[in-house]
Amino acid sequence: MPKLTIRSFATLGELLPSKNMEVSTSATTVQQLIDFIAKEYNPRFKEQIIDPKTGKVHGLYKIFVNGRDIDFVDRLETKLKDGDNVAFFPPVGGG
Amino acid sequence: MSLSPSELERYERQMLISGWGVEGQKKLKSAKVAVVGIGGLGCSAAIYLAAAGIGKIILVDKGKFKLNNLNRQILCWQRDVGKFKAEVAKEKLEALNPEIEVEAVVAEITKDNAHDVIGDVDVVLDGQDNWKTRFIINEYCVRHSIPFIHAGVSALHGQMTTIVPGKGPCFRCIFPKDPPEVEKILVLGATPALLASLQVMETVKLVTGIGKPLVGRMLFANGEEMVFETVEVKRNVECPVCSNL
């Protein structure tokens, strides 16, 4: 089964067993990966990231696949393959 | 440009750093750096820029100090509450280092006035507390090929990256959508101080040519768990701001 590295930052990381973890999953898109994480680890992870009204990523969060913002690829339908590195983070804007 | 005997003494400890020396210090003396926003980030950054000997520092902020700024905006002392931030900061920096030039600009940066307010500088440091102005500054910096060192903080967390137009992603490449603004950001003073110190390190590196700047990487600082990580960030070939570079 393909292995993915998941890195989650700031408050998001607290919802998972580890902020930096490797998972074996059949998920082939970012949406499927988020569903997998919600089922296997914590449903709140998905509740935080996905806006239930639109089904899209909440404006507060960013998701990178191998350093590339999924907004520039195929958003939640961005494809994943073995060895990919997926990073979730909420940017903070205070100064 | 030469260094005076007092400058040679003042900067002695940093000039001993490998690759720095008198030549590196002269580069700092010749450098012009703008700090846009004199809040938690801007106050700490400005102090270390002045202490390091940046020859000209431009401080931009339209606001006045308030009592609830004092936990983090360390150029403001009790007696300065109610005074313009940029002017107070200028006074303190000149007292710290009379061998540099400091300019206070009391203004809000807009698309129309960015050139007049920031001007022709070598580096811009992000001291903003809102996303909208950061995007305006990014556009200005990309247009004029000026490195822009971004940082943002909340509570005990922060992120930063160094934008060198044409060499890595710009701010709009990284944030294609404007993140939502937060009205009242929670923050411990040590958090912007930490990120501001890193911004100054990046500035000094860019000016002197020492080290490897944080271009194409975003650093995340998690003060709650004392974990520092970086994630790669890439250019967007269709970026509306920098794709022409």
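Here the structure is a predicted model, which is why all the values come from computation and not from measurement.

Chemist: How do you make sense of the overall build of chain A when you look at a structure like this?
Modeler: When helices and strands are counted, chain A shows 3 helices and 5 strands. In terms of overall size, chain A behaves like a compact globule, its C-alpha atoms giving a radius of gyration of 12 Å where 95 residues would be expected to give roughly 12 Å. Structurally, chain A occupies a C-alpha span of about 40 × 30 × 25 Å along its principal axes. Relative to its 95 residues, chain A shows a buried fraction of 53%. Within chain A, residue pairs in contact and separated by at least 24 positions form 53% of the contacts whose partners lie at least 6 positions apart. Element-wise, carbon and sulfur atoms account for 49% of the exposed surface of chain A, whose accessible area totals about 4500 Å².

Chemist: Sorry, what's going on with the environment of B:E9 here?
Modeler: Tracing the backbone through its elements, the reader meets B:E9 in helix α1 (residues 5–10). Taking the C-alpha atoms as reference points, B:E9 and B:A31, 22 residues apart in sequence, are found 20 Å from one another.

Chemist: Quick question: what am I supposed to make of helix α9 (residues 190–208) of chain B here?
Modeler: Along an α-helix, a turn takes 3.6 residues, which lines up residues three or four apart on a common side. For α9(B), built from 19 residues, the straight-helix expectation of 27 Å at 1.5 Å per residue is met to within 8% by its first-to-last C-alpha distance of 27 Å. Every buried residue of α9(B) is accounted for by B:T191, B:P192, B:L195, B:A196, B:Q199, B:V200, B:E202, B:T203, B:V204, B:V207 and B:T208.

Chemist: What is the right way to look at the state of the cysteines in this model?
Modeler: By definition, a disulfide links the sulfur atoms of two cysteine residues through a covalent bond. Counting across every chain of the model gives 0 disulfides over all chains. There is no disulfide at B:C141, and the cysteine sulfur nearest it, in B:C170, is 10 Å away.

Reading guide: rules and limits
- Within each chain, residues carry numbers counting from 1 in the order of the written sequence.
- Going through the entries in the order they are written, you letter the chains from A and number the ligands from 1.
- pLDDT decides what is reported in this predicted model: residues at 70 or higher carry local features, side-chain atom pairs at 80 or more are listed and counted, and totals for whole chains, interfaces and linings draw on all residues regardless.
- Computation of side-chain values: all heavy atoms of the structure, hydrogens and water removed.
- Segments assigned H or I by DSSP are reported as helices when at least four residues long, segments assigned E as strands when at least two residues long, and all are numbered from the N terminus.
- As a reference, a globule follows 2.2 Å times the number of residues to the power 0.38, and the radius of gyration itself is taken over C-alpha atoms.
- Classification of residues uses two cut-offs on accessible area relative to the type maximum, computed with a 1.4 Å probe and protein chains only: under 20% is buried, over 50% is exposed, and between them is partly exposed.
- Working rule for contacts: check all heavy atoms of both residues, and any pair within 4.5 Å makes them a contact.
- For the area figures, the Shrake-Rupley method with a 1.4 Å probe applies, and any residue is considered shielded solely by the protein chains shown.
- Take the residue count of a helix, subtract one, and multiply by 1.5 Å to get its expected span.
- Here, the term disulfide refers to a pair of cysteine sulfur atoms separated by no more than 2.5 Å.

Take it as geometry only, folks, not as evidence of what the structure does.
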